[in-house]
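Observations on the model geometry
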Amino acid sequence: MSNEQTKSDVILIGAGIMSATLGTLLKELVPEWNIKVFEKLDKPGEESSNEWNNAGTGHSALCELNYTPEKNGVVETAKAVNVNEQFQVSRQFWAYLVNNKRITNPEDFIMPLPHMSLVQGTENVEFLKRRFEALSKNHLFEGMEFSDDPKTLKEWIPLIMDGRTSNEAIAATKIDSGTDVNFGSLTRMLFDNLKNQNIEINYKHQVKDMKRNSDGSWNVKVINANGQVESHSAKFVFIGAGGGSLPILQKTGIPESKHVGGFPISGLFLVCKNPKIVEQHHAKVYGKAAVGAPPMSVPHLDTRYIDNEKSLLFGPFAGFSPKFLKTGSNMDLIGSVKPNNVFTMLAAGAKNMDLTKYLVQQLMLSKDKRIEELREFVPNAKSEDWDIVVAGQRVQVIKDTEAGGKGTLQFGTEVITGAEGSVAALLGASPGASTAVPVMLNIINKCFPERMKEWEPKIKEMIPSYGLKLVENPELFKELHASTAKALRLSED
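Residues numbered from 1 in each chain as written. Predicted model: local features only at pLDDT ≥ 70, side-chain atom pairs only at ≥ 80, totals over all residues. Heavy atoms only, no water.

Topic: the pairing of strand S12 (residues 218-223)
Short version of the rule: When DSSP finds two or more bridges between a pair of strands, those strands are recorded as paired. Numbering of helices and strands runs from the N terminus; a helix is a DSSP stretch of H or I covering at least four residues, while a strand is a stretch of E covering at least two.
Note that strand S11 (residues 206-212) and S12 share 6 bridges and pair antiparallel. Considered in S12, the bridge of Arg212 is made with Trp218. Taken together, S11 and the strand that follows it, S12, pair antiparallel across an intervening segment of 5 residues, in which Gly216 is found at a positive phi of about 90 degrees. Of the pairings in the sheet, the one linking S12 to strand S13 (residues 229-239) comprises 6 bridges and is antiparallel in character. Bridging from a neighbouring strand, Lys221 pairs with Ser231 of S13. Counting the residues in the hairpin turn of S12 and S13 gives 5 residues, including Gly227, whose phi is positive at 85 degrees.

Given below as structure tokens:
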């Protein structure tokens, strides 16, 4: 064991999109800071950030029906507006990085792609129309179209409409300002940029423990590629290890880490690379989740751009594995149960019997059964054209909340920061990567409040809408949407 303790200003645990984003923001704000990254795998962006482990939707609430719940006949748009606002912040930062030559070739990570919602049945069609009317009043959703005319739908989604024999009512909304984002590619680009700025990135280094030093900094114990234990200390540590964040957060012992658990959910996608079929579909089309299914299992048929090759992805099919990471251990779930969260975990188990049953059913599905589900979307789908790909592990946060009581399962992205601001962890799943920039800005704000005044001009240079709501500033939204589209090569002009 090395007794030497190397000192840094910042340690980032995990080399995914979140650490990449936080490291990039901090390097722009305080270039002189010494930043170290530790990643247990041999390259960046291999778990949840990897392009095959997520749907790459660029979540901006243009098509996800679970962001617009209906209560008493009124479609609530607040969550959709909030998610859209967050994605606009990410877009502005990416455009800044391209304009300042920090990253190049934006088409390698973001492509324009229509986002659509598709529903069947009279009741659902009526809901979709109400949703369309509610969102259309808002300039963030400008350009959205609605149709329940099978002829128009055949033009929009030929692959989905071809061979459809049901007379059931069907409708869709379509908005052309959506995107497909390759978060794996973006993560690698950001780490290349950080490497060029002399940030030390250590692959095959696994964090084993974290303890607070007497001066308030953190001592991080790491096992290196040769199996030796190294000791590193930093004033600020960010735990962005995806499903691996919870066990590391628990080691910090901070009060905020108590009464928090994690429930791992795995996923599968069906993938089609047959060019004849791929060229018949050009959109991300989201349906409605089955009754009792968790929000992240909303069925969708997506065009994907990966390695400049177009493919189709259908899913996700949820499943259960006790691992917290694809490369994790079957003991991860058991190991995360501690005296301080055991009742939280048990309460969640009792409350979510339906979810458990649903996951077990999904797990038992054969490929033929999955193809049957695909045929709800693509009536003429043939089994031989589709392969199964295992998606990333998602660890949903379980915590005690005022609204939900003990052991409430959270389906969003959760940030946990220590009261004194020297440690922060990111837990949870969707909309995740799409909102990486606003989530990391939130961490900077919480953990470095005394520096925000000094940093604000630079943040505004990177994110011109910082401190403002685009929903309240239609002209600014229009201007920024056009300028970011140009920088990211999303527009024709």
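Topic: the pattern of salt bridges
Side chains carrying opposite charge are able to pair once their charged atoms draw close together. In plain terms, the rule: We define a salt bridge as a side-chain nitrogen of Lys or Arg found within 4 Å of a carboxyl oxygen belonging to Asp or Glu. Whether a residue is buried, partly exposed or exposed follows from its accessible area with a 1.4 Å probe, protein chains only, as a fraction of its type maximum: under 20%, in between, or over 50%, in that order.
Counted by the stated rule, this structure contains 20 salt bridges. Where Asp180 meets Arg304, a salt bridge forms, and the shortest distance between an N and an O atom there is 3.0 Å. Placement of the pair is Asp180 in strand S9 (residues 179-181) and Arg304 in strand S16 (residues 300-306), with a sequence separation of 124 residues. For the pair formed by Asp180 and Arg304, the shared burial category is buried. Between Lys284 and Asp302 there is a salt bridge whose closest N-O contact spans 3.6 Å.

Section: helix H15 (residues 474-487)
Test applied: Take the residue count of a helix, subtract one, and multiply by 1.5 Å to get its expected span. Two residues form a contact once any of their heavy atoms are found within 4.5 Å.
For H15, with 14 residues, the first-to-last C-alpha span of 20 Å sits near the 20 Å given by 1.5 Å per residue. Among the structural elements, helix H2 (78-99) are those in contact with the buried residues of H15. Phi turns positive one or two residues past the end of H15, at Arg489, with a value near 60 degrees.

Considerations on the packing of helix H1 (residues 17-29) against helix H13 (residues 436-447)
In a pair of packed helices, the angle between the axes and the distance between the axes together describe the arrangement. So the rule is basically this: For helices, the fitted axis covers only the stretch in contact; all axes are lines through C-alpha atoms, and the angles between them, taken along N-to-C directions, range from 0 to 180 degrees. Angles below 35 degrees are treated as roughly parallel, those above 145 as roughly antiparallel, those between 65 and 115 as roughly perpendicular, and all remaining angles as oblique. Handedness of a crossing follows from how the near helix is turned relative to the far one, being left-handed for an anticlockwise turn of less than a right angle and right-handed for a clockwise one.
It is the contact of H1 with H13, at a shortest axis distance of 9 Å, that shows an interaxial angle of 60 degrees. On the basis of their axis angle, the class for H1 and H13 is oblique. H1 and H13 meet at a crossing whose hand is right-handed. Of H13, the residues touching H1 (which contributes Ile17, Met18, Thr21, Leu22, Leu25, Leu26 and Leu29) are Ala436, Val437, Met440, Leu441 and Ile444.

Interpretation in functional terms is not warranted from these geometric data alone.
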